Amino acid sequence: MSKSNKASLGSTKPLVVPLYQSSVYTLPDLDALDAIMNDGEPGYIYARDAHPNARRLGALLAQIESAQWGVVTGSGMAAISAILLATVQQGQRILASNRLYGRTVQLFTEELGRFGVATEYVDCNDLSAVETSLQNNPRLLFVETMSNPLVRVVDIAALANLAHEHDALLVVDNTFATPVLTRPMDLGADFVMESLTKMIAGHSDVTLGVVAGNDADMLPTINRTSSIWGLASNPFDCWLTERGLGTLELRTRAACKNAEQLANWLAEQSGVSRVWYPSREDHPDHELAKRVLDGGFGHMLCFELSGGRDAVNRFIHAAPGIPFSPSLGHVTTTLSHPATTSHRYASPAEKKRQGISDGLIRLSVGVEPFEQIQEEMAKGLT
Ligand SMILES: Cc1ncc(COP(=O)(O)O)c(C=O)c1O
C-alpha cells in the first residue's frame, strides 16, 4: 500500500515518454520566467513557443536527419512556411523545382507572390538549367528529393554545390524519400523539411512537420517564426509521432520491398499503360536513384490506366481494400489521384507537362503481405 495519495513516482520512471498535454506551465516567480526567456534555462511557459513533446521529437528527428537541430511544426506546410518566413525578404526571388506538391506551388506562386516574392520554376534534373536560373540571385532553391507524384529523383549534392556557388540556400522536402533512404543534410542541404503526417508518423492519425538544419543562428529564428506566425505543433501529435519513429526504418524497408515488387507486377498487367518507380530501368532517374537512395526505392509509385478517369473510378470501386485516401505513408496501401487531389489546382497544360493524366493513380504502398496487396490490385484491374 502506498503511504501517500500523492501521484509521486518514487524511484520509478515511465518507460514511455509522458504526454504533456498542457498549453501553459506554472512558474515559481518572475525571476524563473526571466531565466527561461533571457538565459535559456530549462523550462516551459506556453506551448505555442515550446513544449516537451515537441522538443524531444525535434531532437530525435535532428539525429535521424543528420542535422544539428529540428523544430517540429503543425504540418508539413507549416514547416515550409517557417523556412520561407525566416529566410526570405520582400523583393527577393526564390527558385523552385518544376515538379512539386501542388500546395507548395500554390504557397510559392499565390501566397509569396502577394508579399512581393517572385518564384521561378526550373527542371532540377537539368543542372545547366538550374545554373542559368541561379544567375538571377534567388535567396533559395527548393526541391523535393523524390517528387510528388511521379517520384522523379534529384541529385541533392550537385544542387547543393550549385546553390552555394551562387550564395543561395538549398531547401529539401524529403517527405517522399524519408530519412531512411536519404539524408539531404549529409549531401549539403541547408534545411531539410518533412511532412511528419506521412511515413514518419506512419499511421495517418497525425498532422505535423519538421524543419531541420545545422546553422545554430537559424534555430532561434525558426522557433520565433513558428511561435509568432502560429505554426507550432500540439503535444499529442508529437507523442504519437515519437511512437511511430520506433518503427520508421522497419516500415520503410518493408514498404519499399512491396513497392518494388508491385511496380514490376503492375508493368505486366493489361490496362496499365505506364508505371513510375525508380527501381525500374524505364524510370528517367533510375541511374541517379541507384546512386542516391540507400537500400530501397521508396514506398511511393504511380501507374497509369489507359482508360483515364472512368478507369480510375472503376478501379476504386473494384478494389475497396486499397482505399482512395489522398495522403501517404499509411501502414497499409492507399491510393490517390493526383489530377483531382494533390495537383488539382495545376492548369491542364501544367498537368500535361508533368505527366499527371486523368488515368494516373498514385499508390502509397504499405507493409501488409505482398500477396494481399496484389490480390486487391488484381480486383481493381479486372
Ligand atoms: C511532398 C509533400 N510535401 C509537403 C506536404 C505537406 O504536408 P502536410 O500535409 O503535413 O502539411 C505534402 C502533403 O501531401 C507532400 O506530399
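All figures in this text were calculated on a predicted structure; none of them were measured in a lab.

1. Some points on the overall build of the protein chain
Step number 1: When helices and strands are counted, the protein chain shows 14 helices and 11 strands.
Step number 2: Dimensions of the protein chain, computed from the C-alpha atoms along their principal axes, are close to 70 × 60 × 35 Å.
Step number 3: For the protein chain, the proportion of its 382 residues judged to be buried stands at 46%.
Step number 4: Contacts in the protein chain between residues at least 24 apart in sequence constitute 73% of all its contacts with a sequence separation of at least 6.

2. Quick word on the site of the ligand
Step number 1: Taken together, 13 residues are adjacent to the ligand, and S75, G76, M77, S195 and T197 come closest.
Step number 2: Looking at side-chain class alone, the shell around the ligand contains three nonpolar, eight polar and two charged residues.

3. Observations regarding the environment of P220
Step number 1: For P220, the location among the structural elements is in helix α8 (residues 218–228).
Step number 2: Between the C-alpha atoms of P220 and A86, which are 134 residues apart in sequence, the distance is 10.0 Å.

4. Describing the nonpolar core
Step number 1: Core analysis: the biggest nonpolar cluster contains 110 residues, and I83, L159, V211, A212 and L301 have the highest contact counts within it.
Step number 2: The two domains that each donate at least three residues to this core are domain 1 (30–245) and domain 2 (248–381).
Step number 3: The contact partners of L159, leaving out residues within four places of it in the chain, are C124, V130, L141, V143, V154 and L170.

5. Points about unusual backbone geometry
Step number 1: A cis geometry characterises the amide bond from N148 onward to P149, with omega recorded as 5°.
Step number 2: One can find P149 in the loop between β4 (140–144) and α6 (156–165).
Step number 3: Here N137, not a glycine, exhibits a phi torsion of approximately 60°, which is positive.
Step number 4: Summarising the element assignment, N137 is placed in the loop between α5 (127–134) and β4.
Step number 5: Notably, D167 is not glycine yet its phi reads approximately 60°, a positive angle.

6. Overview of helix α4 (residues 102–114)
Given 3.6 residues to a turn, an α-helix orients residues that are three or four positions apart in the same direction.
Step number 1: End to end, α4 covers 18 Å across 13 residues, agreeing with the expected 18 Å (1.5 Å per residue, within 8%).
Step number 2: All buried positions along α4 are accounted for by V105, L107, F108 and L112.
Step number 3: Where α4 is buried, its residues touch α3 (76–87), β2 (93–97) and β3 (118–122).
Step number 4: Positive backbone phi, approximately 80°, marks G116, located one or two places after α4.

7. As for the domain arrangement of the protein chain
Step number 1: On domain assignment, one finds that the protein chain holds domain 1 (30–245) and domain 2 (248–381).
Step number 2: Distance from the C-alpha centre of domain 1 to the C-alpha centre of domain 2: 26 Å.
Step number 3: Across the contact, 29 residues belong to domain 1 and 36 residues belong to domain 2.
Step number 4: Secondary structure elements with two or more residues in the side of domain 1 that touches domain 2: α4, α7 (178–181) and α9 (235–245).

Rules used in this analysis
Residues numbered from 1 in each chain as written. Predicted model: local features only at pLDDT ≥ 70, side-chain atom pairs only at ≥ 80, totals over all residues. Helix = DSSP H or I, 4+ residues; strand = E, 2+ residues; numbered from the N terminus. Buried ≥ 20, exposed ≤ 12 C-beta atoms within 10 Å, placed from the backbone. Contact = placed C-beta atoms within 7 Å. Near = placed C-beta within 6 Å. Nonpolar A, V, L, I, M, F, W, Y, C, P; charged D, E, K, R; others polar. Core = buried A, V, L, I, M, F, W, Y, C linked by C-beta atoms within 7 Å. Domains from an automatic or database assignment. Expected span 1.5 Å × (residues − 1).

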